[in-house]
Amino acid sequence: MKRNSGQDPAITSRWRPATRAIRGGTARSEFGETSEALFLTSGFAYDCAEDAAARFNGEQSGMTYSRLQNPTVEMLEKRISLMEGAEATRCMASGMAAMTAALLCQLQMGDHVVASRALFGSCRWLTDSLLPKFGIETTIIDGRELDQWEAAIRPNTKVFFFETPANPTMDIIDLKAVCEIARAHGITSVVDNAFATNVLQRPMEYGADVVAYSATKMMDGQGRVLAGAVCGTEDFITNTLLPFTRNTGPTLSAFNAWVVLKGLETLDLRIRRQSDNALKVARFLEGRVERVNYPGLASHPQHNLAMSQMEAAGPIFSLYVGGGRARAHALLNALELVDISNNIGDSRSLMTHPSSTTHHGLGEEARLAVGITEDMLRLNVGLEDVDDVIEDLDRALGKAGL
Ligand SMILES: *Cc1c(COP(=O)(O)O)cnc(C)c1O
(Lines give C-alpha, C1' and ligand atoms only; values in the text may rest on other atoms or scores of the structure.)
Protein backbone atom coordinates (compact mmCIF):
# COMPACT_ATOMS: atom_id res chain seq x y z
CA MET A 1 0.00 0.00 0.00
CA LYS A 2 1.22 3.49 -0.84
CA ARG A 3 1.05 6.55 1.40
CA ASN A 4 -2.69 7.17 1.72
CA SER A 5 -2.74 10.41 3.65
CA GLY A 6 -6.18 11.26 2.19
CA GLN A 7 -7.65 8.38 4.19
CA ASP A 8 -5.80 9.05 7.45
CA PRO A 9 -8.10 11.01 9.82
CA ALA A 10 -5.09 12.17 11.90
CA ILE A 11 -3.88 14.01 8.77
CA THR A 12 -7.12 14.97 6.99
CA SER A 13 -8.60 16.52 10.15
CA ARG A 14 -5.87 19.20 9.95
CA TRP A 15 -6.61 20.07 6.33
CA ARG A 16 -8.50 23.19 5.34
CA PRO A 17 -11.54 22.88 3.03
CA ALA A 18 -9.78 23.53 -0.31
CA THR A 19 -7.19 20.84 0.49
CA ARG A 20 -9.88 18.34 1.47
CA ALA A 21 -11.67 18.96 -1.85
CA ILE A 22 -8.55 17.94 -3.79
CA ARG A 23 -6.92 15.26 -1.62
CA GLY A 24 -9.60 14.05 0.78
CA GLY A 25 -10.41 10.35 0.46
CA THR A 26 -7.63 9.54 -2.03
CA ALA A 27 -6.36 5.95 -1.64
CA ARG A 28 -3.41 5.04 -3.86
CA SER A 29 -2.88 1.58 -5.31
CA GLU A 30 0.54 -0.10 -5.41
CA PHE A 31 1.37 1.98 -8.52
CA GLY A 32 1.27 5.26 -6.59
CA GLU A 33 -0.85 7.06 -9.19
CA THR A 34 -1.37 10.79 -8.45
CA SER A 35 -4.91 11.04 -9.89
CA GLU A 36 -7.47 8.67 -8.37
CA ALA A 37 -7.71 5.25 -10.05
CA LEU A 38 -10.90 4.26 -11.83
CA PHE A 39 -11.92 0.77 -10.67
CA LEU A 40 -14.31 -0.44 -13.36
CA THR A 41 -15.13 -3.77 -11.77
CA SER A 42 -18.36 -5.28 -10.59
CA GLY A 43 -16.78 -8.06 -8.52
CA PHE A 44 -13.72 -8.78 -6.35
CA ALA A 45 -11.69 -12.00 -5.97
CA TYR A 46 -10.40 -13.58 -2.75
CA ASP A 47 -7.15 -15.37 -1.97
CA CYS A 48 -9.03 -18.30 -0.40
CA ALA A 49 -12.54 -19.47 0.41
CA GLU A 50 -12.02 -18.63 4.09
CA ASP A 51 -11.32 -14.99 3.17
CA ALA A 52 -14.57 -14.83 1.18
CA ALA A 53 -16.47 -16.20 4.18
CA ALA A 54 -14.74 -13.76 6.54
CA ARG A 55 -15.64 -10.77 4.35
CA PHE A 56 -19.27 -11.78 4.19
CA ASN A 57 -19.59 -12.31 7.93
CA GLY A 58 -17.86 -8.99 8.64
CA GLU A 59 -14.70 -10.40 10.27
CA GLN A 60 -12.48 -9.15 7.44
CA SER A 61 -12.68 -5.70 5.91
CA GLY A 62 -12.63 -5.37 2.13
CA MET A 63 -14.82 -5.20 -0.91
CA THR A 64 -17.21 -7.92 -2.08
CA TYR A 65 -19.37 -6.52 -4.88
CA SER A 66 -19.72 -3.06 -6.46
CA ARG A 67 -23.39 -2.68 -5.53
CA LEU A 68 -22.10 -2.64 -1.93
CA GLN A 69 -18.63 -1.04 -2.20
CA ASN A 70 -16.22 0.14 -4.89
CA PRO A 71 -12.80 1.74 -4.32
CA THR A 72 -13.43 4.74 -6.62
CA VAL A 73 -16.90 5.38 -5.18
CA GLU A 74 -15.49 5.08 -1.65
CA MET A 75 -12.86 7.76 -2.36
CA LEU A 76 -15.67 10.12 -3.41
CA GLU A 77 -17.72 9.25 -0.31
CA LYS A 78 -14.79 9.97 1.99
CA ARG A 79 -14.04 13.24 0.19
CA ILE A 80 -17.64 14.45 0.45
CA SER A 81 -17.76 13.52 4.18
CA LEU A 82 -14.62 15.58 4.81
CA MET A 83 -15.95 18.58 2.89
CA GLU A 84 -19.36 18.35 4.55
CA GLY A 85 -18.14 17.76 8.08
CA ALA A 86 -20.26 14.57 8.12
CA GLU A 87 -19.36 11.31 9.85
CA ALA A 88 -20.32 9.27 6.78
CA THR A 89 -21.59 9.54 3.19
CA ARG A 90 -22.97 7.10 0.63
CA CYS A 91 -23.16 8.00 -3.04
CA MET A 92 -26.16 7.22 -5.23
CA ALA A 93 -26.83 6.96 -8.96
CA SER A 94 -28.56 10.36 -9.15
CA GLY A 95 -29.85 13.16 -6.97
CA MET A 96 -33.33 11.63 -7.02
CA ALA A 97 -31.93 8.22 -5.99
CA ALA A 98 -30.34 10.05 -3.03
CA MET A 99 -33.54 11.91 -2.06
CA THR A 100 -35.68 8.76 -2.41
CA ALA A 101 -33.26 6.66 -0.36
CA ALA A 102 -32.81 9.34 2.32
CA LEU A 103 -36.58 9.41 2.87
CA LEU A 104 -37.72 5.81 2.29
CA CYS A 105 -34.91 4.24 4.33
CA GLN A 106 -36.29 5.77 7.54
CA LEU A 107 -40.05 5.90 6.90
CA GLN A 108 -42.81 3.33 7.16
CA MET A 109 -46.57 3.12 6.90
CA GLY A 110 -48.22 5.37 9.46
CA ASP A 111 -45.38 7.92 9.59
CA HIS A 112 -45.78 11.60 8.78
CA VAL A 113 -43.49 14.01 6.91
CA VAL A 114 -43.54 17.83 6.87
CA ALA A 115 -42.05 19.33 3.69
CA SER A 116 -41.54 22.82 2.39
CA ARG A 117 -43.70 23.50 -0.68
CA ALA A 118 -40.88 25.03 -2.75
CA LEU A 119 -39.03 21.84 -3.77
CA PHE A 120 -37.40 20.46 -6.90
CA GLY A 121 -40.23 19.07 -9.11
CA SER A 122 -39.44 15.37 -8.58
CA CYS A 123 -39.02 15.91 -4.82
CA ARG A 124 -42.59 17.25 -4.76
CA TRP A 125 -43.64 14.06 -6.58
CA LEU A 126 -42.05 12.04 -3.77
CA THR A 127 -43.94 13.96 -1.08
CA ASP A 128 -47.23 14.33 -2.97
CA SER A 129 -47.50 11.03 -4.86
CA LEU A 130 -45.02 8.34 -3.78
CA LEU A 131 -45.06 8.55 0.02
CA PRO A 132 -48.89 8.64 0.34
CA LYS A 133 -49.07 5.48 -1.83
CA PHE A 134 -47.24 3.65 0.95
CA GLY A 135 -49.36 5.06 3.78
CA ILE A 136 -46.90 7.85 4.69
CA GLU A 137 -48.73 11.15 5.13
CA THR A 138 -47.17 14.46 4.14
CA THR A 139 -48.03 18.03 5.07
CA ILE A 140 -46.82 20.72 2.66
CA ILE A 141 -46.12 24.11 4.21
CA ASP A 142 -44.51 27.44 3.37
CA GLY A 143 -41.07 26.58 4.75
CA ARG A 144 -40.16 30.24 5.23
CA GLU A 145 -42.73 30.49 8.05
CA LEU A 146 -41.30 28.97 11.22
CA ASP A 147 -44.69 28.69 12.95
CA GLN A 148 -45.95 26.53 10.07
CA TRP A 149 -43.26 23.91 10.80
CA GLU A 150 -44.21 23.88 14.48
CA ALA A 151 -47.97 23.77 13.76
CA ALA A 152 -47.66 20.85 11.30
CA ILE A 153 -46.00 18.51 13.81
CA ARG A 154 -48.02 15.43 14.83
CA PRO A 155 -47.14 12.61 17.23
CA ASN A 156 -46.12 10.47 14.21
CA THR A 157 -43.98 13.13 12.45
CA LYS A 158 -40.63 11.53 11.58
CA VAL A 159 -39.01 13.83 9.00
CA PHE A 160 -38.71 17.51 8.02
CA PHE A 161 -37.70 17.78 4.35
CA PHE A 162 -36.63 20.99 2.59
CA GLU A 163 -34.14 22.66 0.26
CA THR A 164 -32.56 26.10 0.57
CA PRO A 165 -32.23 28.04 -1.68
CA ALA A 166 -35.28 26.43 -3.26
CA ASN A 167 -35.61 25.63 -6.95
CA PRO A 168 -36.65 27.86 -8.76
CA THR A 169 -38.33 30.27 -6.33
CA MET A 170 -35.10 31.01 -4.42
CA ASP A 171 -36.98 30.85 -1.11
CA ILE A 172 -34.54 30.72 1.80
CA ILE A 173 -35.24 28.52 4.81
CA ASP A 174 -33.76 29.34 8.19
CA LEU A 175 -31.54 26.28 8.69
CA LYS A 176 -30.76 26.87 12.36
CA ALA A 177 -34.34 27.59 13.41
CA VAL A 178 -35.98 24.73 11.47
CA CYS A 179 -33.35 22.16 12.51
CA GLU A 180 -33.80 23.28 16.14
CA ILE A 181 -37.57 22.69 15.96
CA ALA A 182 -36.88 19.23 14.49
CA ARG A 183 -34.34 18.36 17.22
CA ALA A 184 -36.69 19.52 19.98
CA HIS A 185 -39.33 17.03 18.77
CA GLY A 186 -37.05 14.11 17.91
CA ILE A 187 -37.70 14.64 14.19
CA THR A 188 -34.97 13.96 11.58
CA SER A 189 -34.22 16.95 9.35
CA VAL A 190 -33.31 16.08 5.74
CA VAL A 191 -31.85 18.99 3.74
CA ASP A 192 -31.41 18.96 -0.05
CA ASN A 193 -28.25 21.11 -0.42
CA ALA A 194 -27.80 20.80 -4.21
CA PHE A 195 -28.01 24.53 -4.97
CA ALA A 196 -25.41 25.76 -2.47
CA THR A 197 -23.14 22.71 -2.01
CA ASN A 198 -20.94 22.34 1.04
CA VAL A 199 -18.59 25.05 -0.25
CA LEU A 200 -21.21 27.78 0.27
CA GLN A 201 -23.41 26.24 2.98
CA ARG A 202 -22.93 23.38 5.44
CA PRO A 203 -26.36 22.53 6.92
CA MET A 204 -24.87 20.23 9.59
CA GLU A 205 -23.23 23.27 11.20
CA TYR A 206 -26.79 24.49 11.80
CA GLY A 207 -28.04 21.19 13.22
CA ALA A 208 -29.21 19.28 10.12
CA ASP A 209 -29.25 15.50 10.60
CA VAL A 210 -29.10 14.35 6.98
CA VAL A 211 -27.83 16.31 3.95
CA ALA A 212 -28.64 14.97 0.48
CA TYR A 213 -27.23 16.00 -2.89
CA SER A 214 -27.73 15.96 -6.56
CA ALA A 215 -23.99 15.83 -7.41
CA THR A 216 -25.09 16.14 -11.05
CA LYS A 217 -25.24 19.89 -10.54
CA MET A 218 -22.39 21.99 -9.08
CA MET A 219 -20.30 19.01 -7.86
CA ASP A 220 -19.73 17.58 -11.34
CA GLY A 221 -20.15 21.13 -12.56
CA GLN A 222 -19.54 20.48 -16.21
CA GLY A 223 -22.79 18.80 -17.22
CA ARG A 224 -21.34 15.31 -17.72
CA VAL A 225 -22.76 12.71 -15.32
CA LEU A 226 -25.64 12.05 -12.95
CA ALA A 227 -24.75 11.40 -9.32
CA GLY A 228 -26.13 11.83 -5.82
CA ALA A 229 -25.03 11.54 -2.19
CA VAL A 230 -26.50 11.16 1.30
CA CYS A 231 -24.50 12.39 4.32
CA GLY A 232 -25.30 11.64 7.97
CA THR A 233 -24.01 10.16 11.19
CA GLU A 234 -22.16 6.83 11.07
CA ASP A 235 -25.15 5.31 12.89
CA PHE A 236 -27.71 6.66 10.39
CA ILE A 237 -25.69 5.62 7.34
CA THR A 238 -24.79 2.14 8.64
CA ASN A 239 -27.99 1.13 10.37
CA THR A 240 -30.71 3.04 8.49
CA LEU A 241 -29.53 3.97 4.98
CA LEU A 242 -27.34 0.98 4.09
CA PRO A 243 -29.88 -1.81 4.69
CA PHE A 244 -32.13 0.03 2.20
CA THR A 245 -29.56 0.91 -0.47
CA ARG A 246 -27.47 -2.28 -0.37
CA ASN A 247 -30.58 -4.29 -1.19
CA THR A 248 -32.41 -1.92 -3.54
CA GLY A 249 -29.30 -0.95 -5.54
CA PRO A 250 -29.37 2.79 -6.44
CA THR A 251 -25.56 2.49 -6.68
CA LEU A 252 -23.32 5.13 -8.27
CA SER A 253 -21.16 3.83 -11.12
CA ALA A 254 -17.40 3.98 -10.57
CA PHE A 255 -16.98 6.00 -13.75
CA ASN A 256 -19.45 8.66 -12.65
CA ALA A 257 -17.82 8.75 -9.19
CA TRP A 258 -14.44 9.37 -10.84
CA VAL A 259 -15.85 12.25 -12.89
CA VAL A 260 -17.33 13.83 -9.75
CA LEU A 261 -13.98 13.40 -7.92
CA LYS A 262 -12.42 15.50 -10.71
CA GLY A 263 -15.28 18.00 -10.42
CA LEU A 264 -14.77 18.47 -6.68
CA GLU A 265 -11.15 19.53 -7.27
CA THR A 266 -12.42 22.75 -8.87
CA LEU A 267 -15.76 23.18 -7.05
CA ASP A 268 -14.51 25.93 -4.75
CA LEU A 269 -13.08 27.96 -7.65
CA ARG A 270 -16.07 27.40 -9.90
CA ILE A 271 -18.87 28.13 -7.46
CA ARG A 272 -17.28 31.34 -6.19
CA ARG A 273 -16.62 32.65 -9.71
CA GLN A 274 -20.10 31.62 -10.88
CA SER A 275 -21.60 33.37 -7.83
CA ASP A 276 -19.67 36.56 -8.73
CA ASN A 277 -20.85 36.28 -12.34
CA ALA A 278 -24.45 35.65 -11.23
CA LEU A 279 -24.41 38.76 -9.06
CA LYS A 280 -23.21 40.87 -12.01
CA VAL A 281 -25.90 39.42 -14.31
CA ALA A 282 -28.60 39.86 -11.65
CA ARG A 283 -27.60 43.52 -11.18
CA PHE A 284 -27.79 44.05 -14.94
CA LEU A 285 -31.27 42.48 -15.12
CA GLU A 286 -32.62 44.38 -12.11
CA GLY A 287 -34.60 47.34 -13.41
CA ARG A 288 -34.67 45.83 -16.90
CA VAL A 289 -37.25 43.12 -16.05
CA GLU A 290 -40.16 43.12 -13.60
CA ARG A 291 -38.35 41.27 -10.83
CA VAL A 292 -35.10 39.43 -10.19
CA ASN A 293 -35.14 36.75 -7.52
CA TYR A 294 -31.52 36.39 -6.39
CA PRO A 295 -30.64 35.97 -2.70
CA GLY A 296 -27.39 37.86 -3.36
CA LEU A 297 -29.31 41.07 -4.15
CA ALA A 298 -30.42 43.37 -1.33
CA SER A 299 -33.86 43.40 -3.00
CA HIS A 300 -34.39 39.70 -2.16
CA PRO A 301 -36.78 39.64 0.84
CA GLN A 302 -34.55 37.13 2.65
CA HIS A 303 -31.17 38.57 1.59
CA ASN A 304 -29.88 38.92 5.17
CA LEU A 305 -30.88 35.40 6.18
CA ALA A 306 -29.34 33.99 2.99
CA MET A 307 -26.04 35.76 3.54
CA SER A 308 -25.94 34.70 7.20
CA GLN A 309 -25.98 30.99 6.28
CA MET A 310 -24.30 31.04 2.83
CA GLU A 311 -20.81 32.25 1.90
CA ALA A 312 -22.06 33.47 -1.51
CA ALA A 313 -25.44 33.26 -3.22
CA GLY A 314 -24.59 30.69 -5.90
CA PRO A 315 -24.94 30.63 -9.70
CA ILE A 316 -28.73 30.26 -10.04
CA PHE A 317 -31.65 32.68 -9.86
CA SER A 318 -35.06 33.35 -11.35
CA LEU A 319 -36.56 36.39 -13.01
CA TYR A 320 -40.01 37.59 -14.04
CA VAL A 321 -40.22 39.19 -17.47
CA GLY A 322 -43.96 40.05 -17.63
CA GLY A 323 -46.04 39.26 -20.72
CA GLY A 324 -46.73 35.63 -19.83
CA ARG A 325 -45.37 32.56 -21.58
CA ALA A 326 -45.19 34.35 -24.95
CA ARG A 327 -42.55 36.83 -23.78
CA ALA A 328 -40.63 34.24 -21.73
CA HIS A 329 -40.40 31.93 -24.76
CA ALA A 330 -39.53 34.86 -27.04
CA LEU A 331 -36.61 35.73 -24.77
CA LEU A 332 -35.36 32.13 -24.73
CA ASN A 333 -35.66 31.84 -28.51
CA ALA A 334 -33.64 35.03 -29.02
CA LEU A 335 -30.60 33.77 -27.04
CA GLU A 336 -27.41 33.09 -28.99
CA LEU A 337 -24.90 32.15 -26.29
CA VAL A 338 -26.97 31.07 -23.28
CA ASP A 339 -28.48 27.64 -24.00
CA ILE A 340 -32.13 26.76 -23.52
CA SER A 341 -31.61 23.93 -21.02
CA ASN A 342 -33.26 22.73 -17.83
CA ASN A 343 -29.94 21.66 -16.28
CA ILE A 344 -28.15 23.76 -13.65
CA GLY A 345 -24.73 23.86 -12.03
CA ASP A 346 -22.98 23.65 -15.41
CA SER A 347 -20.02 25.84 -16.38
CA ARG A 348 -22.22 26.93 -19.32
CA SER A 349 -24.93 29.54 -18.85
CA LEU A 350 -28.32 27.85 -19.21
CA MET A 351 -31.86 29.20 -19.09
CA THR A 352 -35.21 27.45 -18.75
CA HIS A 353 -38.91 28.18 -18.42
CA PRO A 354 -39.84 26.22 -15.24
CA SER A 355 -43.62 26.22 -15.69
CA SER A 356 -43.39 24.39 -19.05
CA THR A 357 -40.39 22.18 -18.17
CA THR A 358 -39.01 21.30 -14.71
CA HIS A 359 -42.21 22.14 -12.83
CA HIS A 360 -44.70 21.21 -15.57
CA GLY A 361 -45.73 18.06 -13.69
CA LEU A 362 -46.55 19.98 -10.53
CA GLY A 363 -49.82 21.34 -12.00
CA GLU A 364 -50.89 24.95 -12.33
CA GLU A 365 -52.40 25.41 -8.87
CA ALA A 366 -49.33 24.19 -6.99
CA ARG A 367 -47.07 26.18 -9.33
CA LEU A 368 -48.89 29.43 -8.70
CA ALA A 369 -48.92 28.78 -4.93
CA VAL A 370 -45.11 28.89 -4.89
CA GLY A 371 -44.79 31.71 -7.46
CA ILE A 372 -43.89 29.77 -10.60
CA THR A 373 -45.80 31.93 -13.08
CA GLU A 374 -45.83 31.76 -16.89
CA ASP A 375 -43.47 34.74 -17.16
CA MET A 376 -40.81 33.25 -14.83
CA LEU A 377 -37.44 32.13 -16.18
CA ARG A 378 -34.55 30.45 -14.34
CA LEU A 379 -30.95 31.22 -15.21
CA ASN A 380 -27.80 29.28 -14.34
CA VAL A 381 -24.86 31.66 -14.80
CA GLY A 382 -21.76 29.84 -16.04
CA LEU A 383 -18.05 30.47 -16.29
CA GLU A 384 -18.04 32.30 -19.63
CA ASP A 385 -16.83 35.92 -19.68
CA VAL A 386 -19.72 37.54 -17.85
CA ASP A 387 -19.80 40.45 -20.30
CA ASP A 388 -20.62 38.02 -23.12
CA VAL A 389 -23.51 36.62 -21.07
CA ILE A 390 -24.80 40.12 -20.31
CA GLU A 391 -24.53 41.14 -23.98
CA ASP A 392 -26.45 38.03 -25.04
CA LEU A 393 -29.21 38.74 -22.52
CA ASP A 394 -29.29 42.41 -23.49
CA ARG A 395 -29.80 41.52 -27.15
CA ALA A 396 -32.42 38.83 -26.38
CA LEU A 397 -34.34 41.18 -24.05
CA GLY A 398 -34.45 43.78 -26.84
CA LYS A 399 -35.82 41.21 -29.30
CA ALA A 400 -38.46 40.18 -26.74
CA GLY A 401 -39.55 43.83 -26.47
CA LEU A 402 -37.82 44.70 -23.18
C1 LIG B 1 -31.44 18.35 -9.85
C2 LIG B 1 -31.96 18.35 -8.48
C3 LIG B 1 -32.40 17.16 -7.89
C4 LIG B 1 -32.40 15.85 -8.64
O5 LIG B 1 -31.13 15.44 -8.99
P6 LIG B 1 -30.79 14.46 -10.24
O7 LIG B 1 -29.33 14.29 -10.15
O8 LIG B 1 -31.26 15.17 -11.47
O9 LIG B 1 -31.56 13.20 -10.01
C10 LIG B 1 -32.87 17.22 -6.59
N11 LIG B 1 -32.92 18.39 -5.92
C12 LIG B 1 -32.50 19.56 -6.46
C13 LIG B 1 -32.57 20.80 -5.66
C14 LIG B 1 -32.01 19.58 -7.75
O15 LIG B 1 -31.60 20.74 -8.29
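With an unreviewed UniProt entry as reference, the protein is termed O-succinylhomoserine sulfhydrylase, source organism Blastomonas natatoria. Checking UniProt for the protein, the heading Subunit (unreviewed entry) contains the comment "Homotetramer." Looking at the protein in UniProt, the text filed under Function (unreviewed entry) is "Catalyzes the formation of L-homocysteine from O-succinyl-L-homoserine (OSHS) and hydrogen sulfide."

Draft legend 1. Spotlight on the UniProt feature "modified residue: N6-(pyridoxal phosphate)lysine" (unreviewed entry) in the protein. As recorded in UniProt, the sites labelled "modified residue: N6-(pyridoxal phosphate)lysine" (unreviewed entry) are Lys217. Looking at where lysine 217 falls in the secondary structure, it is placed in the loop between β6 (210–214) and β7 (228–232).

Draft legend 2. Region of the structure containing the pairing of strand β2 (residues 112–116). Among the 5 residues that make up β2, 5 are buried, leaving the element largely enclosed by the rest of the structure. Covered by surrounding structure in β2 are His112, Val114 and Ser116 together with Val113 and Ala115, the residues of both alternating faces. As judged from the 5 bridges shared by β2 and strand β3 (residues 137–141), these two strands associate in the parallel manner. Within the sheet, the bridge partner assigned to histidine 112 lies in β3 and is glutamate 137. For the crossover that starts at β2, traverses helix α6 (residues 121–133) and ends in the parallel β3, the hand is right-handed. Bridge analysis of β2 against strand β4 (residues 157–163) gives 4 bridges, and the strand direction is parallel. When the sheet's bridge partners are listed, histidine 112 is paired in β4 with threonine 157.

Draft legend 3. Quick peek at the state of the cysteines. Under the counting rule described, the total for this entry stands at 0 disulfides. Of all cysteine sulfurs, the one in cysteine 105 lies closest to cysteine 123, which takes part in no disulfide; the gap is 15 Å.

Rules behind the numbers
- Residues numbered from 1 in each chain as written.
- Predicted model: local features only at pLDDT ≥ 70, side-chain atom pairs only at ≥ 80, totals over all residues.
- Heavy atoms only, no water.
- UniProt positions renumbered as here; feature names shortened; annotations may be inferred.
- Helix = DSSP H or I, 4+ residues; strand = E, 2+ residues; numbered from the N terminus.
- Buried < 20%, exposed > 50% of the residue type's maximum accessible area, 1.4 Å probe, protein only.
- Pairing = 2+ DSSP bridges.
- Right-handed = clockwise from strand over helix to strand, strands pointing away.
- Disulfide = S-S within 2.5 Å.

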